[in-house]
Amino acid sequence: MKVTAEHGENREVTLTIEVEQAKLEKATDGAAKRISGRINIPGFRKGKAPRKIVENFVGKDAILQEAFEGVAQQAFEDALTEQDMEPVTRPEIDIVTLEEGKNVVFTAKFTQRPEVTLGDYKGLTVEKPEVTVSDEDIDRQIEGMRQHQGTLVDAPADAEVKKDDFVTLDFEGFVDGEAFEGGKGEDYPLQIGSGSFIPGFEDQLIGAKIGEEREVNVTFPEEYHAENLKGKPAMFKCTIRSIKSRELPELNDEFAKKASKFETLAELREDIRKNLQAGAERQAETERRTKAIDMATDNCTMEIPPVMVENRITAMIQEMAMRLEQQGMSLEQYLQYAGLDMARIRDEYRETAEKNVRTDLMLEEVAKAEGIQVEGRDLDQEVYAMALSYGATPKQVQKIIKEQGRVSDLAATVLRKKTAQFIVDNITA
C-alpha cells in the first residue's frame, strides 16, 4: 500500500491511498458472496450462487463497489496508523481508480485532530470559596415555607390591589389604536409582582379596586416572541374582577410542626442551616473543580479547526431538540415562539461550544500523558449513574447504548471525567 498526504488549511488532510489489486480481487469474491446472500437469484439458494452468476445478475460494477467499501475502510485505517494521524471528522472518500486487474486508488479527505501542547495541570492553586450561611438565608427559606402554608382569602370589597395580591382581570390590548390577536383575556388569573406580564404592566394595576377600569401603557420588549409586536407601544384596557391576598401563618412552634417533622421552630431553623451549609459546600466544591479545569485548559496551546466547533454546536442543538421533544415541543415550534432562527442559535452556542472542545482536547491529552485508562468498573459506575437519572435499570441503559453504537462515546466521556478528577485531586490548595 502506498500513501501520500497533502496538508491544507485548518488541519485538513487529503490522503491518496493506493492498494494492490490482489486485495481487491480477494475482496471481490467476498463481495459477490455477500450480495448473493441479500438477493434472490433463480435456481440458487441465497449466498450459494457462483460469482459469475452474481456478476451477470447485478453487474460487475455493483460487486466492485461492494468490494471497494471493505478495502477502502481497512486501507484508510492502516494509512492513519502509518501516518500517525487521528481524524476528528468522517473522511470524504473519492475513487480515483477502481477497475479489475488494476491497483485501487482513492483519496480520503478529513480534518486532523489538532496538536495540543499542555501547560500546567498538576499542582494548580485554586482556593475553595469560604462558605457561610446567614440568618437572612434561613429567614428566606422559612418565608418560602410560610408562603406555601398560606391560604388565599377574599379581600374586602373596597380593597385596593397591592403587590403579591392574586387578582382576576379582564383586559384587551391595542397597538396604534387597533386590537391585536392574542391581546384579550377574561377572568385572567395574575399575581401582582410575579413578572408574568410585560414589564410595567403589573405595577400599573397597584391601587386599583374591584370593578375599576384602568388603562395600562407598556412597550413590548424587542425580543418579544410575536414579530409584529416587538418594540411596539401598547395600551391595555383592564378591569379588576377579584382580589385575593395570602394569609400567612404565625412563625411559632405550631408552624414548625405543621410545615416539617420538627417540634419547634428552633429545631427547624437548625435543620435548614445544616442543609443550606451542605448545599453551599457542594456548590463551592463544584466552583473549585470548574476553576481548576478552566485553568488547565487556559494553560494549553492549541488551534481548533472550525469544523470541530461547528460539529459541537450541532450536537448541542440536537440535545436541545431532544429535551424539547420530551416536553412536547418541537425545535421549530420553540424557535417560532422565541422569535429566533437557527443562525442566531448557532451564534449563541459558539462560545460555549469552543470552550467545551478546548476542554475535551486538554483532558484527552492529559489522559495520554498520565496513562489514565477506562476500566470495566468505571463504565459500570457511569451506566449505573445514568440509570438512576433516567429512572431505568442499568441493563436497559446498556442495551440502548449498544443499539445506538455509543459505547466508544461512553468510554470517552468516562475517560474525560476520570482525567478531570485527576486534575482536581492534584490541586495544591
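Below: a short report on this structure. Since we're looking at a predicted model, the values are computed, not measured. (Residues numbered from 1 in each chain as written. Predicted model: local features only at pLDDT ≥ 70, side-chain atom pairs only at ≥ 80, totals over all residues. Heavy atoms only, no water.)

A closer look at the nonpolar core
The tendency in soluble globular proteins is for nonpolar side chains to be buried side by side.
At step 1: Counting 33 residues, the largest nonpolar core has Ile304, Leu331, Ile345, Tyr349, Leu361, Met362 and Ile423 as the members making the most contacts within it.
At step 2: Contributions of two or more residues to this core are made by helix H6 (265–298), helix H7 (306–326), helix H8 (331–338), helix H9 (342–370) and helix H12 (407–425).
At step 3: Once residues within four sequence positions are removed from consideration, Ile423 is found in contact with Tyr121, Leu124, Ala292, Ile293, Ala296, Met362 and Leu363.
At step 4: One finds Ala32, Val54, Leu64 and Phe68 within the second-largest nonpolar core, a separate group that totals 28 residues. (Core = buried A, V, L, I, M, F, W, Y, C linked by side-chain atoms within 4.5 Å. Buried < 20%, exposed > 50% of the residue type's maximum accessible area, 1.4 Å probe, protein only. Helix = DSSP H or I, 4+ residues; strand = E, 2+ residues; numbered from the N terminus. Contact = heavy atoms within 4.5 Å.)

Regarding unusual backbone geometry
At step 1: Of note in this structure, Asn10 is not a glycine but carries a positive phi near 55°.
At step 2: Along the chain, Asn10 falls in the loop between strand S1 (2–7) and strand S2 (12–19).
At step 3: In this structure, Asp176 takes a positive phi of about 55° despite not being glycine.
At step 4: Position of Asp176 relative to the elements: it lies in the loop between strand S6 (166–175) and strand S7 (178–191).
At step 5: Accessibility expressed as a relative area gives 69% for Asp176, which makes it exposed.

Comments concerning the side chain of Thr359
At step 1: Here Thr359 shows up in helix H9.
At step 2: Using a relative accessible area of 13% as the deciding quantity, one classes Thr359 as buried.
At step 3: Apart from residues no more than four positions distant in its own chain, Thr359 is found in contact with Ile293 and Thr297.

Quick look at the packing of helix H10 (residues 376–390) against helix H11 (residues 394–403)
At step 1: For the pair H10 and H11, the least separation of the axes is 8 Å and the interaxial angle reads 105°. As judged from the angle between their axes, H10 and H11 are roughly perpendicular. Only Pro394, Val397, Gln398 and Ile401 of H11 make contact with H10, whose side of the interface consists of Asp380, Val383, Tyr384, Met386 and Ala387.
At step 2: Here the residues of the contact of H10 with H11 are counted per class, giving seven nonpolar, one polar and one charged. (Axes fitted to C-alpha atoms, helices over the stretch in contact; angles between N-to-C directions. Parallel < 35°, antiparallel > 145°, perpendicular 65-115°, else oblique. Nonpolar A, V, L, I, M, F, W, Y, C, P; charged D, E, K, R; others polar.)

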